[in-house]
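Results of the structural survey
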Amino acid sequence: MTGAEGQLENRTLDAENPRQQEMPFAFVEGSPVTELPRDLYIPPHALEVFLETFEGPLDLLLYLIKRQNLDILDIPIAEITRQYMEYVDLMKEMRLELAAEYLVMAAMLAEIKSRMLLPRPESEDGEEQDPRADLIRRLQEYERYKQAAEALETLPRVGRDIFETKVLAPYAHAVKVQPKVTVDDLISAMRDVLARAEMFSHHHVQMEPLSVRERMSIILGAVKGDQFIEFSAMFTPEEGRQGVVVTLLAVLELIKDSLIELVQSRPFGPIHIKATGS
Amino acid sequence: MSPDQLKHVIEAALLAAGRPLQLDDVIALFEESGDVPQRGEVQDALAELSSDWEGRALELVEVSSGFRLQVRKEFSLWMGRLWAERPPKYSRALMETLALIAYRQPITRGEIEDVRGVSVSPNIIRTLLEREWIRVVGRREVPGRPELFGTTKLFLDDFGLKALDEMPTLAEIRDLDQHPEDLFAGVSAPAPVSLAVGMSTEEAVPSTPHDEAGQASVSKTEETTD
Amino acid sequence: MSPDQLKHVIEAALLAAGRPLQLDDVIALFEESGDVPQRGEVQDALAELSSDWEGRALELVEVSSGFRLQVRKEFSLWMGRLWAERPPKYSRALMETLALIAYRQPITRGEIEDVRGVSVSPNIIRTLLEREWIRVVGRREVPGRPELFGTTKLFLDDFGLKALDEMPTLAEIRDLDQHPEDLFAGVSAPAPVSLAVGMSTEEAVPSTPHDEAGQASVSKTEETTD
């Protein structure tokens, strides 16, 4: 409700900035209230707002200590307890929803106060035990996270202090990233096929070289449609005799499968290949 | 506010808004601070911004709903990867289909199904065609004239192969079960061109079909095992 | 691709991505085109980009999930008007809960309540979960198996942090009678090892050089601002 703007400007962590000290804790009909009057006579709804700002009994105690510039390590329990009870009574009077934790703390304060009056028992290592020790530890522990929260609040935050860019790329379309597959994947897939088909258990046959299979696809692709292709054009002498043989085997294989046919229009004339059925 | 400052605020707004901004939208930015620029000043700043981005990746365009800083068309190619979906993983069925097409091409879908013992989903064939790893190389002249599939050059490129015969032969794959450590020996070994031993180029071409028929029948046996 | 071109592509990507980009994300942009830059080249381009934007509206920062070109906070005054909705203002209770989760994670709701001395409303936890600043990282194996909360990468990104150890240092706990270990031993939850706030558990709090005792006075004001 208050101080949002101030925080935006002062989001450094430095403790020396005195401006922050003057931040109001509440606004009453537009006027900032920076300090609670000692006599507590302030407009009831401002008081309500003020009392509601406490994050619990530890927070209220911290406020009481800080207000009087007291050191946490040296709190006068009797006085702080008296003030604390005043506030708790006020909250009850105003019928604020009083968390049970406030009453638990009140009981704890009363207990510490009474123990302060008694001679202190010695612990095993011969040290006197301060009845306030546990409370002081809790106060400090809470305070450090309260400060951490304030520091976090002042960090530049996306959407509040800093902004991400959202530039349109109207001509770009998302690339579909294709899965990567390796030869090993392919081989392992083929192994599975072979294993399932149990090819080897029934027939132990000579496999034709892959190169012939590949060449069969290439030739079939080349003779698509009605085109006649000269038989000799299928051979690339640069491939050497092995290449030529592979082509020949592929052609023969295709003829056997009736996938292509050979046409020779006259004896000893050029031989042509065409796809069957076209 | 200096013209430069004004320009920088407008630039920030155009980059962060996520929508085109009208002149009035731009002017409204300054209402809170009290230092509201004239329309002419804003227009000058926009003109300057436009030339600032010349030769760089963004361009200032005016569309129906206002001004927009957008990625130039020339840079769009690289942007595609920004929103790329996580690549899916290919199914076992797809890999087996691809393997069969590679090893037994040209092959029909029905023949693949015969070997695999299950039907091949049209999606698998479509995916492989779209990936341009396989292509239709012809049709088998049997009832229904089913398409014959074969692998492509891109398939070889994508798998880092110069030719199909760089893949291990089926016999070598079978041996892997016994001697897995031979895997790489098998991959690098040249395909068994030894089949062609004894034929010279001169002999090969003019030779009668009958000579080769015997050879062909070798593969015929294999065909029947499908 | 020239260094300038490279820089412009990276700039466009950072502006258009809508999220921080890792070095690897940047390199991946170029995979399709085949002209993939070295990491060093990308780093050089990023450094140049950073200085290009000096004195202007954007700044290049590195946050938890990568590099981000963001509108500088000095421009936030004007940017607020771009969107009808104001960014939410979070209550002190929420920020204290978030701080405890950030510094003491993994932590249960009960442990947060122990430190704060009041119960934590389920709304606060829900808001933080919905904002994706915290997540459930496990359960403590005690009766009731309460959920353990931790912060997310988005939390770091949104607060402009590269890692948790960039968070503001916690104030020290001072001892009542010169026996720091007595007091520290009383802290109910174990010190967050992963936080690396610059101290080991053994060294305990007082040894950190960054601890600002003076911070205590700051809290007075903030306490009243909610």
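A quick note: this is a predicted structure, and the numbers were derived from the prediction, not measured. (Residues numbered from 1 in each chain as written. Chains lettered and ligands numbered in written order. Predicted model: local features only at pLDDT ≥ 70, side-chain atom pairs only at ≥ 80, totals over all residues. Heavy atoms only, no water.)

Side note on the overall build of chain A
Looking only at helices and strands, one finds ten helices and six strands in chain A. In chain A, which comprises 278 residues, the share counted as buried stands at 50%. Considering only residue pairs separated by 6 or more positions, chain A has 53% of its internal contacts joining residues 24 or more positions apart. If you sum the accessible surface of chain A, you get close to 13800 Å²; carbon and sulfur atoms cover 52% of it. (Helix = DSSP H or I, 4+ residues; strand = E, 2+ residues; numbered from the N terminus. Buried < 20%, exposed > 50% of the residue type's maximum accessible area, 1.4 Å probe, protein only. Contact = heavy atoms within 4.5 Å. Areas by Shrake-Rupley, 256 points an atom, 1.4 Å probe, with all protein chains shown as cover.)

Some points on the overall build of chain B
Helix and strand counts for chain B come out as twelve helices and five strands. In chain B, 46% of the contacts between residues at least 6 apart in sequence involve partners at least 24 apart. Carbon and sulfur atoms form 52% of the exposed surface of chain B, whose accessible area is close to 11000 Å².

Regarding the sheet that holds strand E6 (residues 271-275) of chain A
Spatially, three strands are ordered E4-E6-E5 (chain A) in an open sheet, and the strand pairing comes out antiparallel. Two strands bound the open sheet, and with one partner strand each, they are strand E4 (229-230) and strand E5 (260-264) of chain A. (Pairing = 2+ DSSP bridges.)

Observations regarding the packing of helix H5 (residues 92-104) of chain C against helix H6 (residues 109-116) of chain C
All names here are of chain C. Packing of H5 against H6 brings their axes to within 10 Å, and their N-to-C directions diverge by 115°. Classified by the angle their axes make, H5 and H6 are roughly perpendicular. Read as a crossing pair, H5 and H6 show a hand that is right-handed. Two secondary-structure elements touch here, H5 through Ala-93, Glu-96, Thr-97, Leu-100, Ile-101 and Arg-104 and H6 through Ile-112, Val-115 and Arg-116. Partitioning the contact of H5 with H6 into residue classes produces five nonpolar, one polar and three charged. (Axes fitted to C-alpha atoms, helices over the stretch in contact; angles between N-to-C directions. Parallel < 35°, antiparallel > 145°, perpendicular 65-115°, else oblique. Left-handed = near helix turned anticlockwise from the far one by under 90°. Nonpolar A, V, L, I, M, F, W, Y, C, P; charged D, E, K, R; others polar.)

Focus: helix H1 (residues 3-17) of chain B
With 15 residues, H1 of chain B should reach 21 Å at 1.5 Å per residue; the first-to-last C-alpha distance of 21 Å fits that figure. Taken as a whole, H1 of chain B has its buried residues at Leu-6, Lys-7, His-8, Val-9, Ile-10, Glu-11, Ala-12, Ala-13, Leu-14, Leu-15, Ala-16 and Ala-17 of chain B. (Expected span 1.5 Å × (residues − 1).)

Observations regarding the side chain of Ser-76 of chain C
Here Ser-76 of chain C is to be found in helix H4 (residues 76-79). Here Lys-73 of chain C takes part through its backbone oxygen, which lies 2.8 Å from a polar atom of the side chain of Ser-76 of chain C. When sequence neighbours within four positions are dropped, the list of residues in contact with Ser-76 of chain C reads Arg-160, Asp-161 and Phe-163 of chain A. (Polar contact = N/O pair within 3.5 Å; in protein donor to acceptor, adjacent residues only side chain to side chain.)

Considering the confidence of the model for chain B
In the predicted model, chain B carries a mean pLDDT of 78, and the fraction of residues at 70 or more is 77%. With pTM at 0.63, the complex prediction returns an ipTM value of 0.65. (pLDDT = per-residue confidence, 0-100.)

As for the confidence of the model for chain A
Residue and element names in this part refer to chain A. Mean pLDDT over chain A works out to 76, with 75% of the residues at or above the 70 mark. Looking over chain A, one finds the lowest element-wise mean pLDDT in helix H1 (residues 4-9), namely 38, and the highest in strand E3 (residues 163-164), namely 94. In this model, residues 1-23 is a region of pLDDT below 50 whose contacts with residues beyond four sequence positions or in other chains number 48 contacts. With pLDDT under 50 throughout, residues 199-207 is counted as low confidence; its partners more than four residues away or in other chains account for 16 contacts.

Here we look at the sheet that holds strand E4 (residues 134-139) of chain B
Residues and elements named next belong to chain B. Spatially, E3-E5-E4 is the arrangement adopted by the three strands of the open sheet, whose pairing is antiparallel. Because the sheet does not close on itself, it has two edges, and the strands there are strand E3 (107-108) and E4. Alignment of E4 against strand E5 (residues 147-151), held across five bridges, turns out to be antiparallel. Residue pairing in the sheet places Arg-135 in a bridge with Gly-150 of E5. Helix H5 (residues 92-104) rests against E3, E4 and E5 of the sheet, and its axis sits at about 90° to E5.

Some thoughts on helix H6 (residues 109-116) of chain B
Residue and element names in this part refer to chain B. Taken as a whole, H6 has its buried residues at Glu-111, Ile-112, Val-115 and Arg-116. Each buried residue of H6 sits inside an arc of 130° when the element is viewed along its axis, so together they form one side. Positive phi appears at Gly-117, one or two residues downstream of H6, with a value of about 80°. (Arc of directions from axis to C-beta.)

A closer look at the nonpolar core
Ranked by size, the top nonpolar core spans 64 residues in total, and within it Ile-10, Leu-14, Val-71 and Met-79 of chain B together with Ile-10, Leu-14 and Met-79 of chain C carry the most contacts. Ignoring anything within four residues of it in the chain, the contact list for Ile-10 of chain B reads Val-26, Val-42, Ala-45, Leu-46 and Leu-49 of chain B. One finds Ala-102, Val-115, Trp-133 and Phe-149 of chain B within the second-largest nonpolar core, a separate group that totals 35 residues. (Core = buried A, V, L, I, M, F, W, Y, C linked by side-chain atoms within 4.5 Å.)

Focus: the packing of helix H6 (residues 133-154) of chain A against H6 of chain C
A pair of packed helices is characterised by two quantities: the angle between their axes and the separation of those axes. Viewed as axis vectors pointing N to C, H6 of chain A and H6 of chain C meet at an angle of 110°, and their least axial separation amounts to 8 Å. For the element pair H6 of chain A / H6 of chain C, the angle class is roughly perpendicular. On the side of H6 of chain A, the interface is formed by Arg-138, Glu-141, Tyr-142 and Tyr-145 of chain A, while H6 of chain C contributes Asp-114, Val-115 and Arg-116 of chain C. Its residues placed into classes, the contact of H6 of chain A with H6 of chain C shows three nonpolar, no polar and four charged.

Re the environment of Arg-95 of chain A
Tracing the backbone shows Arg-95 of chain A in the loop between helix H4 (77-93) and helix H5 (100-117). A sequence separation of 47 residues divides Arg-95 of chain A from Glu-48 of chain A, and the C-alpha atoms of the two residues are 9.5 Å apart.

Details of the packing of aromatic side chains
Counting across every chain of the model gives 17 aromatic pairs over all chains. Measuring from ring centre to ring centre gives 6.0 Å for Trp-53 of chain B and Trp-53 of chain C, while their planes differ by 50°; the resulting arrangement is tilted. Residue Trp-53 of chain B is located in the loop between helix H3 (39-52) and strand E1 (58-63), and its partner Trp-53 of chain C is located in the loop between helix H3 (39-52) and strand E1 (58-63); the two belong to separate chains. Among the residues examined, Trp-53 of chain C registers a relative accessible area of 0% and is labelled buried. Plain terms: the ring middles of Tyr-90 of chain C and Trp-133 of chain C are 5.4 Å apart, the flat faces sit at 70° to each other, and that makes the pair edge-to-face. Pair noted here: Tyr-90 of chain C is in the loop between H4 and H5 and Trp-133 of chain C is in the loop between helix H7 (122-130) and strand E3 (134-139), with a separation of 43 residues, a long-range link. Both residues of the pair, Tyr-90 of chain C and Trp-133 of chain C, count as buried. An aromatic cluster is defined as three or more aromatic residues linked by ring pairs; in this entry it consists of Phe-50, Phe-54, Tyr-63 and Tyr-87 of chain A. Between the NZ or CZ atom of Arg-56 of chain B and the centre of the ring of Trp-53 of chain B, over which it lies, the distance is 3.9 Å. (Phe/Tyr/Trp six-rings, centres within 6.5 Å; stacked < 30°, edge-to-face > 60°. Lys NZ or Arg CZ within 6 Å of the ring centre and 35° of its normal.)

Looking at the pattern of salt bridges
For side chains of opposite charge, pairing can occur when their charged atoms come near one another. For the coordinates displayed, the defined rule picks out 52 salt bridges over all chains. Among the ionic pairs, Arg-92 of chain B bridges to Asp-192 of chain A, the shortest N-O distance being 2.5 Å. One end of the pair, Arg-92 of chain B, is in helix H5; the other, Asp-192 of chain A, is in helix H7 (residues 183-197), on a second chain. Note on Asp-192 of chain A: relative accessible area 29%, which makes it partly exposed. Here the salt bridges do not stand alone but share partners, grouping Glu-55, Asp-59 and Lys-146 of chain A together with Arg-92, Glu-96 and Arg-116 of chain C into one network. (Salt bridge = Lys/Arg side-chain N within 4 Å of Asp/Glu carboxyl O.)

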